[in-house]
Amino acid sequence: AIMNSSSLTNDLIMEILSRLPSKSVSRFRCVSKRWASMFASPYFKELFVTRSSAKPRLLFAIAGNVTEEDDYVWSFFSTPQLENPYEKSSSTLVAAAEFHMKFSPESLKIYHSYDPRYFSIGYASGLIYIYGCRYQGRPLICNPNTGRYAILPYRYTYRKAYSFFGFDPIDKQYKALSMLYSCGPGHNKILTLGDGDLTWRKIKFPSPERPGIESDGICINGVLYFLAESYQGSLDYVIVCFDVRSETFTYIDVEKFCRLINYKGKLAMIYWEDDVDIYAMCNIPKDLDEYLEENLDVDATNELRVWVLEDVEKQKWSKYAYTWTDDTFFRRHLSIAGATASGEIVFSMRKYTSKQPFYVFYFNPEMNTLQRVEIQGFGEAFNKTCSVCTFVNHVEDLDANDLKQLKSVHPPLVQPEYYESSDSE
């Protein structure tokens, strides 16, 4: 006999359906009021995110033109992460990318740049934040799985734009932080994505000097970190630490230019031994690929440095060095995507060209092994080489799906007739 839903307990139903993708859960909410109530409960949402966290994915955000007339269209894909330790292998694994959605709100410019002074992208707890055109001044937040999004209120910035995205796991609130150019007018501001109105609020930065931002942000356990130039002390750089819940700033001094990643739940700085701060070397933006093509020795030994912050108060780091050579690892074409929960460091190609292979690499520090994985399934719709932003540990979260301020469509954009008065003070 076939069991109907009335003969199943709520707990058994939730146990079974917590293993499904979030889109399927959304459809099952329409079965009955009973099911809708179950799936909206905090217990089921926590159960679902626990299941999802056990199967994290790589998330790919691809920015490119579908036709010559198009502005940038963003396409989102994901693929399961390679989590289990593996033996050293000369073979290339293959993973199929799952397509989620294409994203290009009408009249909204969201072009891509690798220079953090002119473009910002961030990931936090299932949502993507993009600030793609400071002249238009309209950041957005979107759910890459469902396509629902919110275009944030107009945010004027002078010359250069620095924007970050964080999540407070205690109050379960997303916040966008907008930092102004160091020499420009206006105020640093913050916006909370909740049930109320979307508004930018002024936020005080403790130092009289505004930092020159040097990286995208990374949010770990409710703290947003980003690299900045140091205006005090003997060191050239500082890591700015922003507590998303209390909205307070602290600092960590560092010795050199680096990237920031989440390494097993701790902040880590990661860099190549021959790394340089390309944007500090020139007064105007220089194309990253052009610089690497001209200056990075293709036969150079890969000397990777990883510093893991063990004690925040004492600023105590554990320092590691790794060296390897690999004929398939073309560092000048790769970006550091982050680290998996098991500690494998993920490198991803920065560009995708239709009909050409696209690779990610998993480096296991403990075993000193490198595994190449070809990602298939991006398709051939793009008529030009596209930029790719890769995020590790993507987890579906029903709370992110249920945010009331994320919509399937958005009203037409209205261009402000004047700058915010608060920014001209």
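Above this text is the structure in question.
Bear in mind that the values here come from a model prediction, so they are computed numbers and not experimental data. (Residues numbered from 1 in each chain as written. Predicted model: local features only at pLDDT ≥ 70, side-chain atom pairs only at ≥ 80, totals over all residues. Heavy atoms only, no water.)

Caption draft 1: Focus on the overall build of the chain. When you go through the chain residue by residue, the secondary structure sums to six helices and 26 strands. When the 425 residues of the chain are sorted by exposure, 52% land in the buried category. The contacts of the chain with a sequence gap of at least 6 include a subset with a gap of at least 24, amounting to 57%. A total of about 20500 Å² of accessible surface is found on the chain, and carbon and sulfur atoms cover 50% of it. (Helix = DSSP H or I, 4+ residues; strand = E, 2+ residues; numbered from the N terminus. Buried < 20%, exposed > 50% of the residue type's maximum accessible area, 1.4 Å probe, protein only. Contact = heavy atoms within 4.5 Å. Areas by Shrake-Rupley, 256 points an atom, 1.4 Å probe, with all protein chains shown as cover.)

Caption draft 2: The sheet that holds strand S6 (residues 127-131), seen in detail. Spatially, the four strands line up as an open sheet ordered S5-S6-S7-S8, and their pairing is antiparallel. One side of each edge strand has no neighbouring strand; the edge strands of this open sheet are strand S5 (120-124) and strand S8 (149-151). On average, each strand axis in the sheet is tilted by 15 degrees relative to the strand beside it, whichever way the strands run. (Pairing = 2+ DSSP bridges. Axes fitted to C-alpha atoms, helices over the stretch in contact; angles between N-to-C directions.)

Caption draft 3: Expanded view of the environment of Asp 275. For Asp 275, the location among the structural elements is in the loop between strand S18 (266-272) and helix H5 (288-295). Exposure remark for Asp 275: the relative accessible area of 16% places this residue in the buried category. Separated by 18 residues in sequence, Asp 275 and Phe 257 have C-alpha atoms that sit 7.4 Å apart. Once residues within four sequence positions are removed from consideration, Asp 275 is found in contact with Lys 256 and Arg 259.

Caption draft 4: The arrangement of the sheet that holds strand S13 (residues 218-220) in detail. Pairing is antiparallel across the open sheet formed by four strands, whose spatial order is S13-S14-S15-S16. Sheet topology places S13 and strand S16 (248-254) at the edges, where each strand pairs with a single neighbour. Ignoring which end each strand starts from, the neighbouring axes of this sheet average 30 degrees apart. Pairing analysis gives seven bridges linking strand S15 (residues 237-243) to S16, with the strands arranged antiparallel. What sits directly across from Phe 242, in S16, is Phe 249.

Caption draft 5: Region of the structure containing the packing of helix H1 (residues 10-17) against helix H4 (residues 42-53). Contact geometry for H1 and H4: axes closest at 9 Å, N-to-C directions at 30 degrees. Pair H1 / H4 crosses with right-handed handedness. Of H4, the residues touching H1 (which contributes Met 14, Glu 15 and Leu 17) are Tyr 43, Phe 44, Leu 47 and Arg 51. Tallied by class, the residues present in the contact of H1 with H4 amount to five nonpolar, no polar and two charged. (Left-handed = near helix turned anticlockwise from the far one by under 90°. Nonpolar A, V, L, I, M, F, W, Y, C, P; charged D, E, K, R; others polar.)

Caption draft 6: View of the nonpolar core. Phe 60, Trp 324, Phe 347, Phe 358, Ile 375 and Phe 378 are the most contacted members of the largest nonpolar core, which has 40 residues in total. The element that contributes the greatest number of residues to this core is strand S24 (residues 359-364), accounting for five residues. Not counting chain neighbours up to four residues away, the residues in contact with Trp 324 comprise Trp 272, Thr 301, Asn 302, Leu 304, Phe 329, Phe 347, Phe 363 and Leu 370. By size, the runner-up hydrophobic cluster in this structure holds 20 residues, among which are Ala 61, Phe 76, Ile 151 and Phe 391. (Core = buried A, V, L, I, M, F, W, Y, C linked by side-chain atoms within 4.5 Å.)

Caption draft 7: Examining unusual backbone geometry more closely. For Lys 264, which is not glycine, the phi dihedral falls at a positive 55 degrees. Take Lys 264: it is sitting in the loop between strand S17 (259-263) and S18. The partly exposed category is assigned to Lys 264, whose relative accessible area is 43%. Phi at Gln 315 is positive, roughly 50 degrees, even though this residue is not glycine. Given the relative accessible area of 31%, Gln 315 is considered partly exposed.

Caption draft 8: Molecular detail of the layout of surface pockets. Its boundaries defined by the atoms lining it, the second largest pocket holds a volume of some 380 Å³. Looking at the lining of the second largest pocket, the elements with two or more residues in it are helix H2 (22-28), H4 and strand S4 (98-103). Among the elements that take part in the lining of the second largest pocket, H4 stands out by supplying three residues, more than any other. The residue inventory of the lining of the second largest pocket, partitioned by class, reads seven nonpolar, seven polar and eight charged. (1 Å grid on protein atoms, 1.4 Å probe; cavity = no way out; pocket = protein on both sides within 12 Å on 5 of 7 lines; lining within 4 Å. Points joined across faces, edges and corners; volume = space filled by probe spheres on them.)

Caption draft 9: Layout of H1. Looking at H1, one finds that the buried residues are Ile 13, Met 14 and Leu 17. Summarising the axial view, the buried residues of H1 lie within an arc of 95 degrees, below the 170-degree limit, and thus occupy one face. Contacts made by the buried residues of H1 are with H2, helix H3 (33-39) and H4. (Arc of directions from axis to C-beta.)

Caption draft 10: Inspection of the pattern of salt bridges at higher detail. Scanning all chains against the criterion turns up 11 salt bridges. Lys 175 is the partner of Glu 247 in a salt bridge, and the nearest nitrogen-oxygen pair spans 2.8 Å. In this pair, Glu 247 is assigned in the loop between S15 and S16 and Lys 175 in strand S10 (residues 173-180), connecting sequence segments 72 residues apart. The exposure classification of Glu 247 matches that of Lys 175, with both residues buried. One salt bridge connects Arg 201 with Glu 247, and the closest N-O pair in it is separated by 2.8 Å. Of the two residues, Arg 201 sits in strand S12 (residues 201-202) while Glu 247 sits in the loop between S15 and S16, which places them 46 residues apart along the sequence. Here the residues in one salt-bridge network are Glu 15, Arg 19 and Arg 51, joined through shared partners. (Salt bridge = Lys/Arg side-chain N within 4 Å of Asp/Glu carboxyl O.)

Caption draft 11: Local environment of empty space enclosed by the protein. For the coordinates displayed, the defined rule picks out four cavities of 30 Å³ or more. By volume, the largest cavity amounts to about 50 Å³. Forming the boundary of the largest cavity are Ile 121, Gly 122, Tyr 123, Tyr 129, Ser 163, Phe 164, Phe 165, Gly 217, Ile 218 and Cys 219. Elements that contribute at least two residues to the lining of the largest cavity include exactly S5, strand S9 (161-168) and S13. Split into classes, the residues belonging to the lining of the largest cavity amount to seven nonpolar, three polar and no charged.

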